[in-house]
Amino acid sequence: MSRLTALEARAVAAVDRDGLATSLTELLAVPSVTGSDAESDVQHVLAKQLTALGLDVDLWPLDLPALTAAPGFPGVEAARSEAWGLVGTAHGDGGRPALVLQGHVDVVPPGDPAPWRSDPFEPTWRGRRVHGRGACDMKAGVAANVAAYAAIARSGVRLRRGVALQFVIGEEDGGLGAFGTLERGHTGDACIITEPTSGTLITGAAGALTFTLQLSGLATHASTPYAGHSALDSYLPFHRALAELAGRRNRTVEPLMREYPVPYPIVVGRVQAGNWSSSVPDLLVAEGRLGLRIEEDPDAARRELEQCVAEVTARDPFLRDHPPVLTWSGGQFAGGHLPAGAGLRDLVADGHADVTGGDRLRERGAPYGSDLRLYAGAGIPTLHYGPGDVRLAHGPHEAVDLDEVCTVTRALVLAVLRSCGVG
């Protein structure tokens, strides 16, 4: 802490650990699964917090028909009847915000309840760690964003330039909320997305394209399978071909992605076939995810998978007569990265080192799609820095350590002060 100015030290000291824990607990108790009504509920909870902090709050209903028809729309997987955007801004001396702190409020479904030690939406504290769906992905980051600005406001330190807190829905299924926020005109000179980064700095995020493969069979009674053709048998050669394609696509790896065993996976996450146990299935629908390189053209990746499907089809007589249908469904995440030489890199790395007294953050990429690419695509230098271990995300052991959340919050305080200026 000796490297901090007096005003920085005062603002960092104003971080309220107990208040942060209370706020995080409140957010985790809202079951804001992607596409659910609770996505909207949590936005209203946060809007009250931002209003109480004296921010200029923009809480608006997203125009879903207009956004889905807009050029560059990133796609969705969940059906919604409503969705809300939320931005709180401290304007400073005018002009656009010098820094945006961003986080998504939606979480994935908890899945099978059996592996959970408690209700996924009843946050449980065990020592310094809180367990629950969304703990690290990414309500801890959302709470840290609010707590960082609250500490600055509590300290009485005045910001010269503006800062904005942007909270978005729909990140897990494509980026609807971030897309809508940018379309509304909310912007900034730089953006920190507080996704879980496990004590590292994420300066590039790989892409991910959701696809659906529909395969036909020929139904018959299960006692005479030779009289028909199982859609499962139609699928198996594609499953093998996708594994081979993934192997080829992972032979060349970008420097930021070299620590990952498989940086660009291809995974079929859902398979549905048949409608009766005593019938040979005549339809199989497989939904999967094609991982992209950070700087890969999504259209080129689509063509590569389409060629793979065409080659498998051409080798099989049944498939030639009953060709599969490949569609690009759901979220379509391109990759994105922080430009070389962007000052945001040092701003965050130095802030973390200054509050911990430790080494600068190690830089790496993320093997998943995120809102980073939307902000980067809008010309806003963006990176990930936030509390939690992404390996716990989307699983039944999701948790985050309060000490880590507090460390990130203090570093965010410095990032805001140093980007916006004080006095």
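Note that the coordinates shown come from a computational prediction; the quantities given were computed from them, not determined experimentally.

## Brief notes about the overall build of the protein
Along the protein, the regular secondary structure elements total twelve helices and 17 strands. Over its C-alpha atoms the protein spans a radius of gyration of 23 Å, differing by no more than 12% from the 22 Å that the globule rule assigns to 423 residues. For the protein, the spread of C-alpha atoms along the three principal axes comes to 80 × 45 × 40 Å. Taking all 423 residues of the protein together, 55% fall into the buried category. A sequence separation of at least 24 residues applies to 81% of the contacts in the protein between residues at least 6 apart. Accessible area of the protein: about 17400 Å², with a carbon and sulfur share of 53%.

## Quick look at unusual backbone geometry
A cis amide bond links D137 to the next residue, M138, at an omega of -10 degrees. Of note in the backbone geometry, H394 takes a positive phi value of approximately 70 degrees without being a glycine. Looking at where H394 falls in the secondary structure, it is placed in the loop between β16 (382–384) and β17 (399–401).

## Describing the nonpolar core
With 94 residues, the main nonpolar core has F167, I192, L344, Y385 and V413 as its most contacted residues. Beyond its immediate chain neighbours, meaning those up to four positions away, V413 contacts A11, V12, V15, A148, A151 and I152. The next biggest cluster of nonpolar side chains, apart from the first, holds 22 residues, and it includes F211, L215, I266 and L319.

## Focus on the sheet that holds strand β5 (residues 129–131)
Reading across from one edge, β4-β5-β17 is the order of the three strands in this open sheet, with antiparallel pairing throughout. At either end of the open sheet lies a strand with only one pairing partner, and these are β4 (124–126) and β17. Taken over all neighbouring pairs, the strand axes of this sheet differ in orientation by 25 degrees on average, direction set aside. Both β5 and β17 contribute to a ladder of three bridges, which runs antiparallel. Paired with H131 across the bridge in β17 is A399. Sheet strands touched by helix α5 (residues 135–155): β5 and β17. Its angle to β17, the strand with the most contacts, is close to 45 degrees.

## Focus on the environment of P265
Looking at the element boundaries, P265 is found in the loop between α7 (231–249) and β10 (266–273). Exposure remark for P265: the relative accessible area of 21% places this residue in the partly exposed category. Linking P265 and A208, residues 57 residues apart in sequence, is a C-alpha distance of 9.1 Å. Leaving out residues up to four positions away in the same chain, P265 has contacts with R289, L290 and G291.

## Brief notes about the pairing of strand β9 (residues 208–216)
Across the nine residues that make up β9, a large majority, seven, are buried. The pairing of β9 with strand β11 (residues 283–291) spans nine bridges and is antiparallel. Within the sheet, the bridge partner assigned to L213 lies in β11 and is A286. As paired elements, β9 and strand β13 (residues 332–333) share two bridges and run antiparallel to each other. The partner of A208 across the bridge, within β13, is F333. Across three bridges, β9 lies against strand β12 (residues 325–327) in antiparallel orientation. Each bridged residue has a counterpart across the sheet, and for Q214 the counterpart in β12 is V325.

## What to know about helix α8 (residues 298–315)
Taking 1.5 Å per residue as the helical rise, α8 with its 18 residues ought to reach 26 Å, and the 26 Å between its terminal C-alpha atoms agrees with that figure. Taken as a whole, α8 has its buried residues at P298, A301, R302, L305, C308, V309, V312 and T313. Viewed end-on, α8 has its buried residues packed into an arc of 135 degrees, placing them on one side of the element. Along α8, exposed side chains directed more than 90 degrees from the buried face belong to R303 and R315.

## Here's the deal with the side chain of D354
Note on placement: D354 falls in helix α10 (residues 343–356). Within the local environment of D354, its side chain forms a polar contact with the side chain of R418, the two groups lying 2.9 Å apart.

## Some remarks on the side chain of R249
Assignment of secondary structure puts R249 in helix α7. Under the relative-accessibility criterion, R249 is labelled buried at 2%. Of note is the side chain of R249, whose polar atom sits 2.8 Å from the side chain of E296.

## Some thoughts on the environment of R410
Assignment of secondary structure puts R410 in helix α12 (residues 402–420). For the pair R410 and A144, spaced 266 residues apart in the sequence, the C-alpha separation amounts to 8.7 Å.

## A word on the packing of aromatic side chains
Inspection of the entire model under this criterion finds two aromatic pairs. Pairing F73 with F179 gives two aromatic rings, centres 5.8 Å apart and planes at 80 degrees, and the pair type is edge-to-face. With a gap of 106 residues between them, F73 in the loop between α4 (64–69) and β2 (84–92) and F179 in helix α6 (residues 176–183) connect regions that are remote in the sequence. Looking at F179, the relative accessible area reads 7%, which means it is buried. Centroid distance F211 to W328: 6.2 Å. Interplanar angle 70 degrees. Geometry classified as edge-to-face. Highlighted residues: F211 in strand β9 and W328 in the loop between β12 and β13, separated in sequence by 117 residues. Judged by relative accessible area, W328 falls into the partly exposed class, the value being 23%. Across from the ring centre of Y264, 5.9 Å away, lies the NZ or CZ of R293, which sits over that ring. Above the face of the W328 ring, R302 is positioned so that its terminal group lies 5.9 Å from the ring centre.

The rules behind each value
Residues numbered from 1 in each chain as written. Predicted model: local features only at pLDDT ≥ 70, side-chain atom pairs only at ≥ 80, totals over all residues. Heavy atoms only, no water. Helix = DSSP H or I, 4+ residues; strand = E, 2+ residues; numbered from the N terminus. Rg over C-alpha atoms; globule rule 2.2 N^0.38 Å. Buried < 20%, exposed > 50% of the residue type's maximum accessible area, 1.4 Å probe, protein only. Contact = heavy atoms within 4.5 Å. Areas by Shrake-Rupley, 256 points an atom, 1.4 Å probe, with all protein chains shown as cover. Core = buried A, V, L, I, M, F, W, Y, C linked by side-chain atoms within 4.5 Å. Pairing = 2+ DSSP bridges. Axes fitted to C-alpha atoms, helices over the stretch in contact; angles between N-to-C directions. Expected span 1.5 Å × (residues − 1). Arc of directions from axis to C-beta. Polar contact = N/O pair within 3.5 Å; in protein donor to acceptor, adjacent residues only side chain to side chain. Phe/Tyr/Trp six-rings, centres within 6.5 Å; stacked < 30°, edge-to-face > 60°. Lys NZ or Arg CZ within 6 Å of the ring centre and 35° of its normal.

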